[in-house]
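Chain residues, written in single-letter form:
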Amino acid sequence: MPIPLNCLLRVNAIMAASTVPVLDPASPNATTIRNLFVSVFLICCAIFVVVVALIVISVVRFRGGSTPVQDFGRRRSEVVWAITPVMIVFGLSAVSTKLILSILAMPTSQVSEAGDADLVVIGHQWWWEVRYPAAGAVTANEIHLPVGRKLRVRVEAADVIHSFWVPQLGPKMDMIPGHPNFVWLEADRAGTYEGSCAEFCGDQHAWMRFTVVAEPEPQYRAWLAHQAQPGSAPADALAEAGRRFYFAQTCANCHAVKGTSAVANAAPDLTHVASRTELAAGVIPNTPQNLARWLRNPQAIKPGCQMPNFTLDDEHLTQLVAYLEGLR
Amino acid sequence: MTAGSIANSQPDERGLSAESSLLGWFSSVDHKQIGLLYICTALVFLLIGGAEAIAIRLQLVVPNNTLIGPSLFNQLFTMHGTTMVFLVGMPILTGFANYLVPLMIGASDVAFPRLNAFGYWLVPLGGILLHYSFLTGSAPNAGWFNYAPLSERAYSSLQGVDYWLIALLVLGIGSVSSAINLIVTIILRRAPGMSLQRVPLFVWMMFITSILIILAIPALNSALVLLLIDRTLGSAFFDASRGGNSLLWQHYFWIFGHPEVYILALPAFGMISEVIPVFSRKPIYGYEFVAASTVAIGILSMGVWAHHMFAVGLGPAYDAFFAIGSLLIAIPTGLKVFNWTATLWGGSIRLTTSMCFAIAFLVQFVIGGLTGVMFAVAPIDWQLTDTYFVVAHFHYVLFGGTIFALFAGGFYWFPKMTGRLLDERLGKITFWLMVIGFNMTFFVQHFLGLMGMPRRTYTYGDHPGWFALNAISTAGAFFMGAGVLVFLWNVLRTLRIGEAAGDNPWDAFTLEWATTSPPHEQNFAQVPEVKSRRPVWDMNHPDLADWKLSRTPEDRRRPHSAARLASAAFIVSEAMFFLLLVSAYVVFNRTTGESSAARVLEVGRTALFTLLLLASSITLWRAERALRAFDQDGFLRWLGVTLGLGALFLINQGVEYAGLLHRGITISSSLFGSTFFTVTGFHGLHVLAGLVALAILFVLGKRGALTGRRSDVLGAIGYYWHFVDVVWIVVFSIVYLRVLS
Amino acid sequence: MMTTWQVMSELWYWRSPAWVIVLLATFVYTVAALRRPVTPRQVTCFVIAAATFVVALASPLAVLSSQYSFSAHMMQHLLLLLIVPLCAILAWPLSEAVATDNFALPSPFGTAAVGWLTSVGAMWFWHVPALCTAAMQNSGIFAIQTCSLVVAGAAFWWPVFRPQLQRRMQPHVAAAYLFAGCVGCSLLGIYITFSPVSVCPLYAAGGGGALELTRLVHEQWGLTHRLDQQLGGLLMWVPACMVYLGAILATLSSWYHVPERADGASRYLAAE
């Protein structure tokens, strides 16, 4: 396999890395699947070329002409022809079985245990709740990973079926209400990888994306420790006014902020919202301006999303942005 | 070809007389008119579904587009999928089958012409129901496979999904009735000498397709019924938060959904198997292999549904086995491709528009088939499913395959249906527009999938390369739209000023070309002698006649009663329906069975009434025997007893229901209640239907209209009655005796 | 700990009665073959039948299925029900004439309904948890189980592949009959695969038996009880269906190839 693989990698290099994430894997499982894909692809190409060549040759060579020999077919030729597909099918069956077992390999005794996942990702309409049970950290739409270490991820759904997919890091896994699934998440090089929901889940399925940040172990630990901290207190009067507004209004009914009385989890946890890179599951980058735009009218940015338009006035908007920007 | 030239003058008269009486079309029970109605209806829906597709592609042409909002976009793709599968694919194939199968086997009509008309009229009814939902403010928007719990009332509170469910039930009933009709027609109405081993491959494929329809559609129906009960009566079959199981919907849907792919593909294979030989001037290579591989595909397709569910985490054992099962389908399919190619080889090929479409079909279907092989390898599926790669894959199979085959068949049979030849020049323009447009639209989607673009997203961010490929894809859609318009223009033009075709413009092989174009009401003045698979070839080329070169099995005796055969086919379909309903009962009552189910049901009393129901089977058998012996009194007496026993059974069921409701056990109170009332309720409805049918026969018998000479009618309903009893034995053992828990 | 190779080479039941039965059968077959000519294909079928019988009852498969692995147990059943009787019937010399029918078995044996009911019935019957357990614990019941599976399998295949060509089921009817058989087995397979209830609780208990083997199965092969049962159900479902499908294709191909004889109708009547 190495030779064709190199060819394809060169093609991929020309097309610039990670434009084609499925072919540019960053985890062992994704690499295995990419290699499998490439070999199956080459087999398919070979078959295609043979069949099309036969069709083209017959159309060119046997076009027009008088009544041909009436050939009804021979049993032997069918059997001879069938040998190739039968062999390919058996080969692929063996390979796929082997890979299914190796990729899904997971000490089965652990599967039923809910608690011992390193990471729990819960799909909501249309955002991702991310929990690190051991550290007690909760975040949303952004997952951090230590490079080179496998995390066991339990994927669940809070409402409808979603599907957890980071193309560069390996196979997708559906998130099904009442049917928790497990999947390995591992990155063998540092970087930022995009993920998305792959199962149609309603209006804003398109904007149910997330980011996976793979970083060296020390940075990862620091990040995790920070995420486990309670939200920082407002730094100035403006932010303090924002905090009061947050609790006076209905914000806390859906959004939690650790260390305060806001504990709901119907919407993303805001404890460290300002530390995240994107807003509203990938719609817009997380900047103060964008945050203000979002708060002014979420429905204009992500129509159909669960957060209503609160028609905030400018003053309250500035206060709220100041408070939320302080939650680093 | 003297007969052909004489017939040349005929099309005009026929065409005019048919057009002039519009009412004639509404009341028609002629298989040809019904076939054309199916095809025309499907074409109307093709335009609607195509317009939806163009709208979808317009929304996706640039990143972050706001042309169509998410909610309308989701309605559009849901309706596009549903329309194309249920209102275009199935009706148009049924239409061709309706028109061609009786002609190809030398019959004067289908076995049940009025059932045929009934089946057709359900299509516009279902179609209008489905599209009426647009007027209610929300068309269905949960996708054509309508996964629960997104399709549950909690997440789709508007009525779109209800319209979807009811429309599909209506369409499903129509499909099953036409499938039963075709099965009976193919088995019973063949001309003398036309053995089942000699029927054209299109007929053979339709036969297998019809069997798949009667097995697969009931699976969909049971899923639809359960979801409808969930949505309207408050049960929780698919609602995990109340103990239901959302994966059950996926299983049921794909038990239907995978055979459905072959229901749409096999007739297309049949058309290709007619077109390629005629334009290669050779018989099909390896007829028996093409036919037998269809049987293999049909059977395998019933057992591989879970390959649509590789990503739901069923576990390694399932994935491995379903991967192998799915890969196996490649063998019979590969064999078919080989036979088509081998038919081309050594022929004398005539590149008519029809043949061009057939060759394009072959190439594109191979691409779709090969990407299908990739998806069968589960790990690849884990990466690529639910991306644009899978969109490309199934469009290569269903558009590049089925629709192209329909164009091939359309150009090929149009002269037979109208008496005029479609314009070849316009045809070639259509062909190139379609080939270029199709490959532009869908080939690039393979790359979009590899680039990580999920399917069913109403828009996308500006990732490198996505815009360019989406723009190409949208441009291609316009080529296809133009192709369809040129085709329609061609049809309209041809109907007015097209060249007269004659009986057999292509010098084709099969029986439909032995009659006039279009055929007159009785189809054939005289059916030619059938001694091989190509009777018309034998007629026109006596020295190269097939029966001299290759022997085929003679015709054999066939069963005689159409009513009984239809009843048996119907029972097969009903058995599948009950199988899935009872499975739902087993699924929801095996773990919690001990507590709720055991205490509330009165097994002893129901056992007594079970015996009464079983006794009614015996009395009905006696009634049938009396009828066959022309003992009218005995017949009425025994039938009366049967009616009484059936009624007693229903009364007991009513009493039991009242008792349960009195204790607060309702269809929405628990999963036991939901499954119990659903299973026994549907059985009760079937008993009631049987009673009504028997009561009608009783009245007819009283009036002397039903006598021993027509005993097969009672026999057919008798089959149904015995079947209902057998179902009850199963239900009784599982629900009351709890043999499986 | 034992290796897989050791299991394959060492775990044979050398004192199983299966060997005696195979020897006896070989003797009978040889004698019969001397009196009536057999084709190489028939001999091959006989060898396959005999070998499968030994594999099912005296090989490591039998050892594993005795108390270690449900899927091995299922494999054993499939071999006994499907392969052994089919090959044994196909091994018998064909006879064209109805008159030389040496197999004047009681009439119900050989009809489609009986064949279907016994084979599907046997499969369902022996997977009722209580009976499954009983057959594992009591060698008498195990013997009955083995015999009943082989006999039921024979009853199933007999109408389709009986040596009297003239009295075989019509090929297209046979296709429907085989499909019905496939459905019966598939349903059981599906039930076992998806059932959370343990079909044979004894395998789950894991007690008794050699610890080494238990560890080999569970740890080295990674076959947990749940996976084991799923695998067993899937074996019953997919490969068993392939056997039926193969038989369907075989009968259909004969349907296409052998031109109907002139006496077709009378023959059909004679069969009734």
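Residues numbered from 1 in each chain as written. Chains lettered and ligands numbered in written order. Predicted model: local features only at pLDDT ≥ 70, side-chain atom pairs only at ≥ 80, totals over all residues.

### Description of the overall build of chain C
Heads up, the condition is: In this description a helix means any DSSP run of H or I spanning at least four residues, a strand means any run of E spanning at least two, and both kinds are numbered starting from the N terminus. To sort residues by exposure, count the other C-beta atoms lying within 10 Å of each residue's C-beta; 20 or more gives buried, 12 or fewer gives exposed, and values between give partly exposed, all with C-beta atoms placed from the backbone.
Each helix and strand in chain C was counted, giving 13 helices and zero strands. Taken from the N to the C terminus, the helices and strands of chain C come in the order α-α-α-α-α-α-α-α-α-α-α-α-α. Split into buried and exposed, the 272 residues of chain C put 40% on the buried side.

### Observations regarding the overall build of chain B
Filter applied, for reference: Note that the radius of gyration is over C-alpha atoms, with the globule rule given as 2.2 Å times the number of residues to the power 0.38. Our contact criterion uses C-beta atoms placed from the backbone: two residues qualify when those atoms are within 7 Å.
Each helix and strand counted, chain B has 25 helices and two strands in total. In terms of C-alpha radius of gyration, chain B reaches 27 Å, essentially the compact-globule figure of 27 Å for 741 residues. For chain B, the C-alpha atoms occupy an extent of roughly 75 × 75 × 50 Å along the three principal directions. Out of the 741 residues in chain B, the part that is buried amounts to 62%. Here the contacts in chain B between residues at least 6 apart in sequence split such that 83% fall between residues at least 24 apart.

### Description of the nonpolar core
Note the following rule: By our criterion, buried Ala, Val, Leu, Ile, Met, Phe, Trp, Tyr and Cys residues that link up through C-beta atoms within 7 Å make up a nonpolar core.
By size, the foremost hydrophobic cluster in this structure holds 419 residues, and its most contacted members are Ile272(B) and Ala408(B). If near-sequence neighbours (up to four positions away) are discounted, Ala408(B) is found in contact with Met271(B), Ile272(B), Val275(B), Ser354(B), Phe357(B), Ala358(B) and Phe361(B).

### With respect to the sheet that holds strand β3 (residues 137-140) of chain A
Residues and elements named next belong to chain A. Counted only if it meets this: Strands are treated as partners if at least two bridges between them are detected by DSSP. Axis definition: a line fit to C-alpha positions, over the contact stretch in the case of helices; interaxial angles, taken between N-to-C directions, run 0 to 180 degrees.
Spatial strand order, β3-β2-β1-β5-β8: five strands in an open sheet with mixed pairing. Each of the sheet's edge strands pairs with one partner strand only, and the pair in question is β3 and β8 (181-185). On average, adjacent strands in this sheet sit at an angle of 25 degrees to one another, irrespective of strand direction.

### Some remarks on the interface of chain A and chain B
In this assembly, 73 residues from chain A lie in contact with 79 residues from chain B. Of all the elements in the fold, those that place two or more residues in the side of chain A that touches chain B are α2 (28-61), α3 (75-104), β7 (173-175) and β9 (191-197) of chain A. Element by element, the count of residues in the side of chain A that touches chain B is highest for α3(A), at 15 residues.

### Structural notes on helix α5 (residues 70-91) of chain C
All names here are of chain C. Short version of the rule: Multiplying 1.5 Å by the residue count of a helix minus one yields the expected span of that helix. Given a residue, its bend is the angle between the two axes fitted to the seven residues that end at it and to the seven that start from it.
Its 22 residues place the ends of α5 30 Å apart at the C-alpha level, agreeing with the 32 Å of an ideal helix rising 1.5 Å per residue. Along its length, α5 reaches its greatest deviation from straightness, about 35 degrees, at Leu79. Where burial is concerned, most of α5 is hidden: 18 out of the 22 residues are buried.

### Here's the deal with unusual backbone geometry
Trans is the common state for peptide bonds, and a negative phi is the common state for residues other than glycine. All names here are of chain B. Across the junction of Ala148 and Pro149, the peptide omega takes the value 5 degrees, indicating a cis bond. Relative to the assigned elements, Pro149 resides in the loop between α6 (113-132) and α7 (160-188). In this structure, the amide linkage connecting Ser517 to the following residue, Pro518, adopts the cis form with an omega of -10 degrees. Structurally, the position occupied by Pro518 is in the loop between β2 (499-500) and α18 (535-540). Unlike most non-glycine residues, Phe630 shows phi in positive territory, near 60 degrees. Assignment of secondary structure puts Phe630 in the loop between α22 (603-628) and α23 (632-662).

### Some remarks on the pairing of strand β4 (residues 142-146) of chain A
All names here are of chain A. Burial runs high along β4: five of the five residues are buried. Because side chains alternate across β4, one face comprises the buried residues Glu142, His144 and Pro146, and the other comprises Ile143 and Leu145, equally buried. Direction of pairing for β4 relative to strand β10 (residues 209-215): parallel, over a ladder of five bridges. What sits directly across from Pro146, in β10, is Glu215.

### Some words on the sheet that holds β4(A)
Backbone hydrogen bonds hold the strands of a sheet together, and the pairing may be parallel or antiparallel. Residue and element names in this part refer to chain A. Taking strand neighbours across the sheet as the criterion, the five strands line up as β4-β10-β9-β6-β7 in an open arrangement whose pairing is mixed. One side of each edge strand has no neighbouring strand; the edge strands of this open sheet are β4 and β7. Taking the axes of each pair of neighbouring strands and ignoring which way they run, one obtains an average angle of 25 degrees across the sheet. Sheet strands touched by helix α5 (residues 217-228): β4 and β10. Its angle to β4, the strand with the most contacts, is close to 140 degrees.

### Some remarks on the environment of Arg605(B)
Residue and element names in this part refer to chain B. In this fold, Arg605 is placed in helix α22. The exposure class assigned to Arg605 is partly exposed, which follows from the 13 C-beta atoms found within 10 Å. Separated by 530 residues in the primary sequence, Arg605 and Gln75 have C-alpha atoms spaced 50 Å apart.

### Concerning the environment of Val484(B)
Structurally, Val484(B) is set in helix α17 (residues 466-497). Each C-alpha atom of the pair Val484(B) and Ile367(B) lies 23 Å from the other, and the pair is 117 residues apart in sequence.

### Details of the environment of Leu149(C)
Residue and element names in this part refer to chain C. Structurally, Leu149 can be placed in helix α8 (residues 139-161). For the pair Leu149 and Val120, spaced 29 residues apart in sequence, the C-alpha separation works out to 9.9 Å. Ignoring anything within four residues of it in the chain, the contact list for Leu149 reads His77, Leu80, Leu81 and Ala122.

### Points about the pairing of β8(A)
Residues and elements named next belong to chain A. With four of five residues buried, β8 lies mostly within the body of the structure. One ladder, built from five bridges, connects strand β5 (residues 151-157) with β8; its direction is antiparallel. Directly across from Arg152, in β8, lies its bridge partner Trp184.

### A few points about the confidence of the model for chain C
Parts of the prediction with low pLDDT should not have their coordinates interpreted in detail. Residues and elements named next belong to chain C. The criterion, for reference: What pLDDT conveys is the predictor's confidence in a given residue, as a value from 0 to 100.
On average, residues of chain C score 80 in pLDDT, and 85% of them are at 70 or above. Segment residues 260-272 is flagged for pLDDT under 50; beyond a separation of four residues in sequence, or across chains, it makes eight contacts in the model. If you check the scores for this complex, the pTM reads 0.91 and the ipTM reads 0.92.

### Considering the packing of helix α4 (residues 60-67) of chain C against α5(C)
Residues and elements named next belong to chain C. The criterion, for reference: Roughly parallel refers to an angle under 35 degrees, roughly antiparallel to one over 145, roughly perpendicular to one between 65 and 115, and oblique to any angle outside these ranges. In this scheme the handedness of a crossing depends on how the near helix is turned from the far one: anticlockwise by less than a right angle means left-handed, clockwise means right-handed. Gly is placed with the polar residues, together with every amino acid not listed as nonpolar (Ala, Val, Leu, Ile, Met, Phe, Trp, Tyr, Cys and Pro) or charged (Asp, Glu, Lys and Arg).
Two elements in contact, α4 and α5, have axes separated by 7 Å at closest approach and are oriented at 125 degrees. One element, α4, and the other, α5, form an angle in the oblique class. Our pair here, α4 against α5, has a crossing hand that is left-handed. Note on element contacts: α5 touches α4 through Ala72, His73, Met75 and Gln76, opposite Leu61, Ala62, Leu64 and Ser65. Along the lines of polarity and charge, the residues of the contact of α4 with α5 split into five nonpolar, three polar and no charged.

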